[in-house]
Amino acid sequence: MSSRAVRKTAGHTTEDDLAQVLQKVGINKHNDDDDETDLIISRGNNHRRNVFEMLADEENNDDEKTAVDNDNQSNDDDNVQQQSTISKTKRKRKVKKKNIQTQKSDQNDDEFLIESNESQQEPIATSTIPKELFSNLLSVDSRLLNPINEMKKKFGSNIVEQIERENNLATQVSSAAMLAQRRRAHPMSQQRPATRLAKQNAFIVPKIGWPSFFKLGLSMKPSSPLSETTLTSGNYFQFEYEKDYQRLQIQFFDSVDQHNLQGIMDILRHYPYHIDSLIHLSDVSRMQDDTPTAVDLIERALYSFQQSFHPLFSIIRGECRLEYRIQANRSFFISLFKNIIFIGERGCSRTALEFCKVLLSLDPIDDPLAILLLLDYYAIRSEEYNYLIHFHTEQNLRLNLDGLPNFTYSLALAYFRLLSFDKANEVLQNALIRFPSILKYLLDKLSVKPDRAVEKCRYFFDSERHETNALKCVQQLYIVRMSNEWKEKDELEFLRNNVNQVIQIIERNQDLRIVNYTKLRETCYRRTPINVCRHIILSESNEIRGFLSNDMENDGRFYNVDPFPPNDSIASFQRPERFQSKNIEDKKELNDIKY
């Protein structure tokens with residue numbers, strides 16, 4: 001809508017403006033001279049008109065203007081002819097400018113089309129993949145980050161709400177006095193998300209029995225990537241510790257070194273949202289088979305992070321990055337990973353998949369916790385087959401997904417369940433040739449006796465001898481998690497048919513993949529990557545922890561809150577060198593910390 005139409009809707013026309021100007025200059029508004037006929041103002045109806053009527057009037061006025069201009073060409077009046085010629089010249093100038101602009105825009109469009117066609121003809125390189133593609137693949141819906149919503153879809157909202165009411169009632173009765181006492185001691189109100197982005201980032205809802213939250217000294221600030229490469233894209237942030245929080249961190253690690261569990265509990269008694277203490281006690285509760293307490297402590301740790309987010313930080317857009325090398329950032333990675341494991345154990349596979357996207361979006365290139373070993377698992381469990389195929393298609397060149405045994409077999413299973421049998425057979429046969437030992441591990445896990453033809457084929461059963469411990473570790477991880485997805489009758493028949501086809505290919509010995517993949521297995525998987533080692537340690541499964549290779553050496557101390565720190569780690573605080581640590585039970589030192 002033009003400014004003229006806006007003025008009409010407001011009851012203020014251009015004639016009012018012209019009349020005021022003429023009065024200031026000293027010209028009579030009602031002068032009847034012939035030279036000033038163009039300045040005569042005729043007032044019409046003064047009532048306010050509808051906006052849509054103004055739009056219609058603009059179109060009619062434009063049509064009337066063109067008609068009047070055409071009629072004015074034949075008018076003998078000099079003044080009218082002068083006005084028409086001036087309007088024509090102005091119109092011609094505008095048309096020329098528009099033509100020049102359209103020509104330039106057409107040239108730019110042609111150049112863009114040429115560049116896009118050339119880029120399509122060339123193979124996609126790692127540096128030419130736009131960051132928007134990654135953000136689209138890793139963006140999530142904030143509503144899918146709540147496992148309660150998925151449980152309501154599976155079991156019904158009435159049952160879930162009844163269970164929640166019973167749990168909250170017991171917690172509310174036991175913690176009412178404690179909450180009242182803490183509110184009197186800390187009158188600071190609990191922070192609530194104020195902006196729309198903050199509401200979308202609120203993926204953890206505080207529970208009734210939780211203590212009131214107050215700022216402890218953890219904050220987030222924008223940063224820049226530590227190493228500028230063609231793969232660094234996105235908006236970088238980092239957590240930072242204030243002096244009070246650094247003192248708490250020193251006391252926490254002193255207690256861990258002394259195996260002083262009571263000291264860690266004292267920290268949480270005074271500062272219930274200290275993150276590393278929550279993670280440590282969550283591990284202790286998990287070892288004692290107290291899973292509800294372990295889950296509750298991890299959620300409290302994530303809530304503490306959530307309250308410290310920068311206003312521009314978003315976990316749902318897939319564009320924000322955190323450097324794992326920075327020590328203060330690593331606790332957020334570890335808390336998210338443990339939360340994914342707990343959510344998956346509750347049967348909320350879709351929610352776990354969304355959190356996998358969040359964790360991968362923080363550092364998609366290095367993947368410090370090897371979340372790609374879990375992404376396909378939860379995609380299959382949540383029946384998101386199209387997403388898995390799309391992710392593999394777009395990110396295979398960048399992330400080398402074909403080199404991961406879990407992705408090759410899960411991709412074949414996704415095509416099979418989408419009834420794309422030709423593509424499924426092709427992908428599964430390639431996976432069997434590249435990673436043949438998975439067949440043996442899978443049959444042993446399912447207690448299925450192989451056929452005689454399979455037993456005679458040395459390619460499947462002797463390949464294990466030539467594989468490294470690193471490759472065995474990744475393959476066994478896949479079998480532990482995905483064996484139940486292959487035990488159905490249709491999946492086993494699908495596997496058996498393709499195994500027979502691969503045996504015929506091996507007997508002909510004319511496929512170059514057999515030699516090439518054998519060399520890759522011997523050379524490309526020499527040592528277990530450090531991110532896979534972290535993945536195994538944090539998986540909270542004794543069966544999976546047993547796959548950790550013996551040749552993995554760990555430099556320095558090993559903490560559950562920070563397993564296998566990077567060699568180029570950037571410390572967020574400095575621990576003083578001391579032979580005897582201070583006693584963390586000194587309440588004076590704890591109370592001196594400001595919040």
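The rules behind these values
- The written sequence of each chain sets the order in which its residues are numbered from 1.
- Under the rules for a predicted model, residues below a pLDDT of 70 receive no local features and side-chain atom pairs below 80 are neither given nor counted, while totals for whole chains, interfaces and linings still include all residues.
- Side-chain calculation: all heavy atoms of the structure are included, whereas hydrogens and water are not.
- For helices, the fitted line uses only the C-alpha atoms of the stretch in contact; every axis is such a line through C-alpha atoms, and the angle between N-to-C directions lies from 0 to 180 degrees.
- Strands are runs of DSSP state E lasting at least 2 residues, helices are runs of H or I lasting at least 4, and numbering of each runs from the N terminus.
- Between 65 and 115 degrees an angle is taken as roughly perpendicular, under 35 as roughly parallel, over 145 as roughly antiparallel, and anywhere else as oblique.
- Each crossing gets its hand from how the near helix is turned against the far one by less than a right angle, where anticlockwise is left-handed and clockwise is right-handed.
- Throughout, a residue-residue contact means that at least one pair of heavy atoms, one from each residue, lies within 4.5 Å.
- Polar here means any residue other than Ala, Val, Leu, Ile, Met, Phe, Trp, Tyr, Cys and Pro, which are nonpolar, and Asp, Glu, Lys and Arg, which are charged; Gly is therefore polar.
- Surface patches are drawn from residues lacking salt bridges whose relative accessible area is over 30%; two like charges belong together within 9 Å, two nonpolar side chains (Val, Leu, Ile, Met, Phe, Trp, Tyr) within 5 Å.
- Calculation of accessible area relied on Shrake-Rupley with a 1.4 Å probe; when residues are assessed, cover is drawn exclusively from the protein chains displayed.
- What makes a salt bridge here is a side-chain nitrogen of Lys or Arg within 4 Å of a carboxyl oxygen of Asp or Glu, nothing more.
- Here the term buried applies to any residue with accessible area under 20% of the maximum for its type, exposed to any over 50%, and partly exposed to those in between, with areas from a 1.4 Å probe on protein chains only.
- Think of it this way: a Phe, Tyr or Trp ring, Trp meaning its six-membered ring, pairs with another when their centres are within 6.5 Å, and the plane angle makes it stacked under 30 degrees, edge-to-face over 60, tilted otherwise.
- Lysine NZ or arginine CZ positioned within 6 Å of the ring centre and within 35 degrees of the ring normal marks a charge as sitting over the ring.
- Confidence of the predictor at the level of single residues is given by pLDDT, which spans 0 to 100.

- Naming follows an unreviewed UniProt entry, where the protein chain appears as Transcription factor 25 of Rotaria socialis.

Details of the packing of helix H14 (residues 349-362) against helix H15 (residues 372-381)
Now for step 1: Contact geometry for H14 and H15: axes closest at 8 Å, N-to-C directions at 150°. Between H14 and H15, the interaxial angle falls into the category roughly antiparallel. The handedness of the crossing between H14 and H15 is left-handed. In this structure, H14 contributes Ser349, Ala352, Leu353, Cys356 and Leu360 to the contact, and H15 contributes Leu372, Leu374, Leu375, Tyr378, Ala379 and Arg381.
Now for step 2: Each residue belonging to the contact of H14 with H15 can be placed in one class, and the counts come to nine nonpolar, one polar and one charged.

What to know about a nonpolar patch on the surface
Now for step 1: A surface patch of nonpolar side chains, amounting to about 290 Å² of accessible area, comprises Phe155, Ile159 and Ile163.
Now for step 2: Relative to the assigned elements, Phe155 resides in helix H6 (residues 147-155).
Now for step 3: The exposure class of Phe155 is partly exposed, given its relative accessible area of 48%.

Comments concerning the packing of aromatic side chains
Now for step 1: According to the stated counting rule, one finds 26 aromatic pairs in the structure shown.
Now for step 2: Taken together, the ring pairs in this structure connect Phe203, Phe237, Phe239, Phe305, Phe309, Phe313, Phe332 and Phe355 into an aromatic cluster.
Now for step 3: Residue placement shows Arg300 over the ring face of Tyr273; its charged tip is 5.6 Å from the ring centre.
Now for step 4: Taking the ring centre of Tyr324 as reference, the NZ or CZ of Arg330 above it sits at 5.8 Å.

Concerning the confidence of the model for the protein chain
Now for step 1: Averaged over every residue, the pLDDT of the protein chain is 75; residues scoring 70 or more account for 66%.
Now for step 2: The low-confidence segment residues 171-176 (pLDDT under 50) makes three contacts with residues lying over four places distant or belonging to another chain.
Now for step 3: In the predicted structure, residues 579-595 sits below a pLDDT of 50 and forms 37 contacts with residues beyond four places in sequence or in another chain.

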